[in-house]
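Structure at a glance
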Amino acid sequence: MSITGKIVSAFAALPLGAVLLSAPANAIANGDRVPDGRYPFAVKLTEYGIPTADGGTRDSSCSGGLVSPRWVLTAGHCFRDLDGNRVSRTVAEKSVATIGRADLTGRAGFTANVVEVRQHGKADVSLARLDRAITAITPLALNRDKPSKGQAARLVGYGFTSPGAERTPNRLRTGRFEVTSVSKSEMGLSGVAPSQNTSPCERDSGGPYFTESTGRAVVVGVVSRGPDCPHTGSDIATRVDAIAPWILSVIGKDLRASAAPSKSRASAVPSKKPAAESPAAAKPPETAPWDGLPPIALLAVPAALVGFVVILAASGRRRRGVHRRR
């Protein structure tokens, strides 16, 4: 048998699952490592103790983006029951959000527990509420304009990075993408850099596609589904502009609370802008001759005047007496 025939026979003898596992299965495949401090709004949602059909539990994770101090935007399918249905509740024994930590082995950023979930219902999008407000990180702004074909966007995620991986990496990944199609509530995006087959992968679900042209990161889409990675061609994301009213109906109160200054701070910090002065107030007042003298000096002035008058009177009497005697 030829060498080629032996190779074909060997592959034929393998179970189908083993052949499939040999295919690449990265997350943000062929993406770049994100340096510390970059894209602090990126979130890793880790779920510990998810119930399984056999009565056991498993751990899993998704990616997401902070859109207000207490709310994380992610994929709806990140919260599913045993039948695979999206649910408006946490499904794990414990759900932890890690925010602002590109290197998961470090101590930068913040952690918080997920205590509530809101599902959109139709779109593959959910919002996870945190048990503490993350006020030190500027959240993503929401895109309100319909995306256009050819528009550029960036993606960040904490998904797998090697073929057949069983553990997510300790470092946030990113890549650049381009909008390839736009439908009523979704859009397709294809990898552009670092390579043409840069693509989101398992556990990048919920990761934010965003732009930075305005000086602030604006989320335009949320990772939903796509082919096995790495691959060329498009993945599907939910359009944020199409569901922005629903997002704001959930997070609006939190945004307003974070934007309003507290009363204690307002009363403690004086205004830096001076009050407007009238022309009279702007002119410096004329000073009296005794301004700036100590109190004892002010008492001495009238006493000296009295003494001077007495001396003059006495002198006048003497002069008049002398004159009369002549």
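Above this text you will find the structure in question.
In this report, the structure presented in the accompanying data block is examined. Here the structure is a predicted model, which means the values were calculated and not measured.

Below, the discussion takes up the side chain of Arg154. Mapped onto the elements, Arg154 comes out in strand 9 (residues 152-157). Here Arg154 is buried and forms no salt bridge, its nearest opposite-charge partner Glu212 lying at an N-O distance of 4.7 Å. Of the polar contacts made by the side chain of Arg154, one reaches the side chain of Tyr39; its length is 3.2 Å. A polar contact is formed between the side chain of Arg154 and the side chain of Thr174, at a distance of 3.0 Å. The contact partners of Arg154, leaving out residues within four places of it in the chain, are Tyr39, Thr174, Gly175, Arg176, Pro208, Tyr209 and Phe210.

In this chain, Ala193 is followed by Pro194 through a cis amide linkage whose omega measures 10°. Of note, Pro194 is situated in the loop between strand 11 (186-193) and strand 12 (208-211). In this model, Cys229 is joined to Pro230 through a cis peptide bond whose omega is 0°. Counting through the fold element by element, Pro230 comes out in the loop between strand 13 (218-225) and strand 14 (234-239). In this structure, Asn30 takes a positive phi of about 55° despite not being glycine. Along the chain, the position of Asn30 falls in the loop between helix 2 (16-21) and strand 1 (32-33). A residue is classified by how much of its surface remains accessible, and Asn30, at 36% relative accessible area, is partly exposed.

Evaluation of the coordinates by the stated rule reveals four aromatic pairs. For the pair Tyr39 and Phe41, a centre-to-centre distance of 6.2 Å together with 55° between the ring planes defines the contact as tilted. Across this residue pair, the class does not change: Tyr39 and Phe41 are buried. Aromatic rings pair up to connect Tyr39, Phe41 and Phe210 into one cluster.

Rules and cut-offs
Residues numbered from 1 in each chain as written. Predicted model: local features only at pLDDT ≥ 70, side-chain atom pairs only at ≥ 80, totals over all residues. Heavy atoms only, no water. Helix = DSSP H or I, 4+ residues; strand = E, 2+ residues; numbered from the N terminus. Buried < 20%, exposed > 50% of the residue type's maximum accessible area, 1.4 Å probe, protein only. Lys, Arg positive; Asp, Glu negative; His and termini not counted. Salt bridge = Lys/Arg side-chain N within 4 Å of Asp/Glu carboxyl O. Polar contact = N/O pair within 3.5 Å; in protein donor to acceptor, adjacent residues only side chain to side chain. Contact = heavy atoms within 4.5 Å. Phe/Tyr/Trp six-rings, centres within 6.5 Å; stacked < 30°, edge-to-face > 60°.

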